[in-house]
Amino acid sequence: MALNVLVVDDSAVMRSMLIRTLRLSGLPLTNVYQAGNGAEALATLAAHEVDLALVDINMPVMNGEQLLDQVRADARLAGVALVVVSTEGSETRIEALRARGASFIHKPFTPEQVRSTVLRVLGVADA
């Protein structure tokens with residue numbers, strides 16, 4: 001199981017931190033793509049095979065919630081696993097994101113949290 005991952009966050013620093021954390025987690029990564037907002041993410045999803053998208057909520061142009069809705073509405077993207085990575089503290093909002101088909105990781109995060117969430121979302125037992 002080698003993963004193609006898309007990291008979507010308007011902060012280049014946060015994207016770098018998340019990519020570094022993915023590498024430290026020991027997950028088998030093939031390609032890691034980056035996008036600064038939801039519109040860039042949709043373009044990347046159209047151009048590349050992606051297994052997993054890690055998405056921030058608050059971004060310009062197209063936010064994470066709008067991106068989730070667009071991905072879930074596109075049958076070609078049905079297989080993309082979605083994980084929101086955010087500082088969001090409202091349980092109501094987090095449950096609404098889960099209802100949209102996304103899992104959730106709170107910032108700050110550890111490699112272990114990222115690994116266990118990704119494996120759970122992909123339905124893979126941790127080795």
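Just so we're clear, the structure is a prediction, and the values are computed from it rather than from any experiment.

1. A closer look at the overall build of the chain
Helices and strands together make up the secondary structure of the chain, namely five helices and five strands. Walking the chain from its N terminus toward its C terminus, one meets helices and strands in the order β-α-β-α-β-α-β-α-β-α. Taken over C-alpha atoms, the radius of gyration comes to 13 Å for the chain, in line with the 14 Å a tight globule of 127 residues would show. Seen along its three principal axes, the alpha-carbon backbone of the chain occupies a region of about 35 × 35 × 30 Å. Taking all 127 residues of the chain together, 47% fall into the buried category. Here the contacts in the chain between residues at least 6 apart in sequence split such that 64% fall between residues at least 24 apart. In the form shown here, the chain has an accessible surface area of approximately 6,300 Å², with 51% of it arising from carbon and sulfur atoms. Of the side chains in the chain, 11 bear a positive and 14 a negative charge, and the two mean positions are spaced by 3 Å.

2. Quick notes on helix α2 (residues 38-47)
Buried within α2 we find G38, A41, T44 and L45. Angular distribution of buried residues about the axis of α2 spans 115°; they occupy a single face of the element. Turned more than 90 degrees off the buried face of α2, the exposed positions are A46 and A47. Those residues of α2 that are buried are in contact with β1 (3-8), β2 (29-35) and α3 (64-73). Structurally, the start of α2 carries an N-cap: the backbone nitrogen of A39 is 2.9 Å from a side-chain oxygen of N37.

Reading the values: rules and limits
- All chains use their own residue numbering, which begins from 1 and follows the written sequence.
- Local features in a predicted model are, by the rule used here, given only for residues with pLDDT of at least 70; side-chain atom pairs are given and counted only at 80 or more, and totals for whole chains, interfaces and linings are based on all residues.
- Heavy atoms from the whole structure form the basis of all side-chain values; hydrogens and water molecules are not counted.
- Strands are runs of DSSP state E lasting at least two residues, helices are runs of H or I lasting at least four, and both sets are numbered from the N terminus onward.
- Using C-alpha atoms as the atom set, the radius of gyration is obtained and then compared with a globule rule of 2.2 Å times the number of residues to the power 0.38.
- Residue burial is assigned from relative accessible area. The probe radius is 1.4 Å, only protein chains are included, and a residue is buried under 20% of its type maximum, exposed over 50%, and partly exposed in between.
- The contact rule is simple, with two residues in contact once any of their heavy atoms fall within 4.5 Å.
- For every accessible area listed, the method is Shrake-Rupley and the probe measures 1.4 Å; residues are considered covered only by the protein chains on display.
- Just so you know, the count uses Lys and Arg for positive and Asp and Glu for negative, and it drops His and the chain ends.
- Where a charge sits is defined by one atom per residue type, namely NZ (Lys), CZ (Arg), CG (Asp) or CD (Glu).
- The arc refers to the directions leading from the helix axis to the C-beta atoms.
- For the purposes of these results, a polar contact is taken to be a pair of N or O atoms within 3.5 Å, where, inside protein, one atom must be able to donate a hydrogen and its partner to accept one; residues adjacent in sequence count only when each atom of the pair is a side-chain atom.

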